[in-house]
Amino acid sequence: MNIKLISGVVIAGLAVSYVGGKLYMTDKVEKQLDAKIIEMQPMLDVKYGDLSVEPITQRIQLHNVVLTPADGSGNPITINEITVNELDTSSEFPTALDFVLNGISISIDDIEPQTADRLKALGYSDDLLISLSTKYTYVDNVMDWQFGLSAEDMGKMEYSLNIANFEFDPKQPLTLLFSYPNYQLNSAELTYTDQSLVNRMMKQEAENSAISVEELKQRLSDKINAMLAADLETSNEMSDAEVNVAKNAAEAFIKFINDPQSITISINPEQAVTLGEITQSQHDPAKLISLLNMAFKA
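Now for a quick tour of the structure. (Residues numbered from 1 in each chain as written. Predicted model: local features only at pLDDT ≥ 70, side-chain atom pairs only at ≥ 80, totals over all residues. Heavy atoms only, no water.)

Residues Val 65, Tyr 124, Met 154, Leu 185, Ile 278 and Leu 292 are the most contacted members of the largest nonpolar core, which totals 57 residues. Element by element, the count of residues in this core is highest for helix H6 (residues 240-258), at nine residues. For Leu 292, the residues in contact, after removing those within four places along its chain, are Leu 185, Ile 267, Asn 268, Pro 269, Val 273 and Ile 278. (Core = buried A, V, L, I, M, F, W, Y, C linked by side-chain atoms within 4.5 Å. Buried < 20%, exposed > 50% of the residue type's maximum accessible area, 1.4 Å probe, protein only. Helix = DSSP H or I, 4+ residues; strand = E, 2+ residues; numbered from the N terminus. Contact = heavy atoms within 4.5 Å.)

In structure tokens form, the structure reads like this:
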């Protein structure tokens, strides 16, 4: 038989199998999803448009999702797209989760009035368009978690966290209140990337103070330098590591103020520190900075 013909038959067979598998998986997930929606109906009315499932990666995508409180207590929330890249359904507490909510549309008038007024004063008048993502793995009581939250034309927050000795019993969630002091923090990182929010805030503050934005930036930089100088005057009470962290923080924040792009705060303790130790040191900034081995970058 002709090799090209054989190849064509194989490719056609794979294509049919892929399409058939996709239709089967989509139908299966759709039935499961609709059953969950029925369970939620006393509290929430859920409608969605297209649903698709990739048979190989198991990625699930939902489009045009509309969430409406069943009692009519609030306006509908629309979500352009929900993507579930990974979800462990074999364990009582999922050992892996990776999902993204893109384009969550919220009316600015539906949020807390004081916050809404502040946003309007900054020039935000349209609906807020928010995206949220979370991803974690949970293996041998170690939680490795990433979280992202962004608002279009405002900014984006990205968190990462690695915690050991994380024991969570889904049957007894209240045990979290008593066991969290024993969780060990291995590392953490927070990054804020500005899109326009900080620039708008600076412009507003400069106008209220009747000065230019450049003058405001200089005042803020001078204030940070003054705070650093005051700390260094008592440097005999600080370790070399604490002095370096203070200088690093001042440098990073001044750089961000003058060019608001992104700023990162990272925590990398030399040895794992429990959340209980962090809580006990929260009112002692010098000790806390030393304990967490903090670093700043802009």
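When we look at a pair of aromatic rings, we describe it by the centre distance and by the angle of the planes. Throughout the structure, instances matching the rule amount to six aromatic pairs. Ring geometry for Trp 145 and Phe 147: centres 5.6 Å apart, planes at 20°, overall stacked. The class for Trp 145 is partly exposed, based on a relative accessible area of 27%. Ring centres 4.8 Å apart and planes at 40° place the aromatic pair Phe 166 and Tyr 183 in the tilted group. One end of the pair, Phe 166, is in the loop between strand S8 (155-164) and helix H3 (175-179); the other, Tyr 183, is in the loop between H3 and strand S9 (184-194), and 17 residues separate them in sequence. A single burial state applies to Phe 166 and to Tyr 183, both of which are buried. (Phe/Tyr/Trp six-rings, centres within 6.5 Å; stacked < 30°, edge-to-face > 60°.)

A few words on unusual backbone geometry. Backbone geometry places Asn 165, a non-glycine residue, at a positive phi of 60°. Mapped onto the elements, Asn 165 comes out in the loop between S8 and H3. Looking at Asn 165, the relative accessible area reads 32%, which means it is partly exposed. The backbone of Ala 210 shows a phi angle near 55°, a positive value even though the residue is not glycine.

The next point concerns the packing of helix H5 (residues 213-233) against H6. Axis separation between H5 and H6 bottoms out at 9 Å; the angle between their running directions is 175°. Compared by their axis directions, H5 and H6 come out roughly antiparallel. Residue-level contacts link Lys 217, Leu 220, Ser 221, Ile 224, Asn 225, Leu 228 and Leu 232 of H5 to Val 243, Ala 246, Lys 247, Ala 250, Phe 253, Ile 254, Ile 257 and Asn 258 of H6. The residue inventory of the contact of H5 with H6, partitioned by class, reads 10 nonpolar, three polar and two charged. (Axes fitted to C-alpha atoms, helices over the stretch in contact; angles between N-to-C directions. Parallel < 35°, antiparallel > 145°, perpendicular 65-115°, else oblique. Nonpolar A, V, L, I, M, F, W, Y, C, P; charged D, E, K, R; others polar.)

This brings us to the environment of Asn 75. Looking at where Asn 75 falls in the secondary structure, it is placed in the loop between strand S3 (60-69) and strand S4 (77-87). Taking the C-alpha atoms as reference points, Asn 75 and Ile 106, 31 residues apart in sequence, are found 8.8 Å from one another. With near-sequence residues (within four places) excluded, Asn 75 lies in contact with Leu 67, Pro 69 and Asp 110.

This paragraph deals with the pairing of strand S7 (residues 142-151). The pairing of strand S6 (residues 128-139) with S7 spans 10 bridges and is antiparallel. Paired with Tyr 138 across the two strands is Met 143, which belongs to S7. Once S6 ends, the chain turns through two residues before running back antiparallel as S7, passing Asp 140 with a positive phi of about 50°. Pairing analysis gives nine bridges linking S7 to S8, with the strands arranged antiparallel. Residue pairing in the sheet places Leu 149 in a bridge with Met 157 of S8. Between the end of S7 and the start of S8, which pair antiparallel, lie three residues, with Asp 153 showing a positive phi angle near 65°. (Pairing = 2+ DSSP bridges.)

Keep in mind these numbers describe shape, not what the thing actually does.
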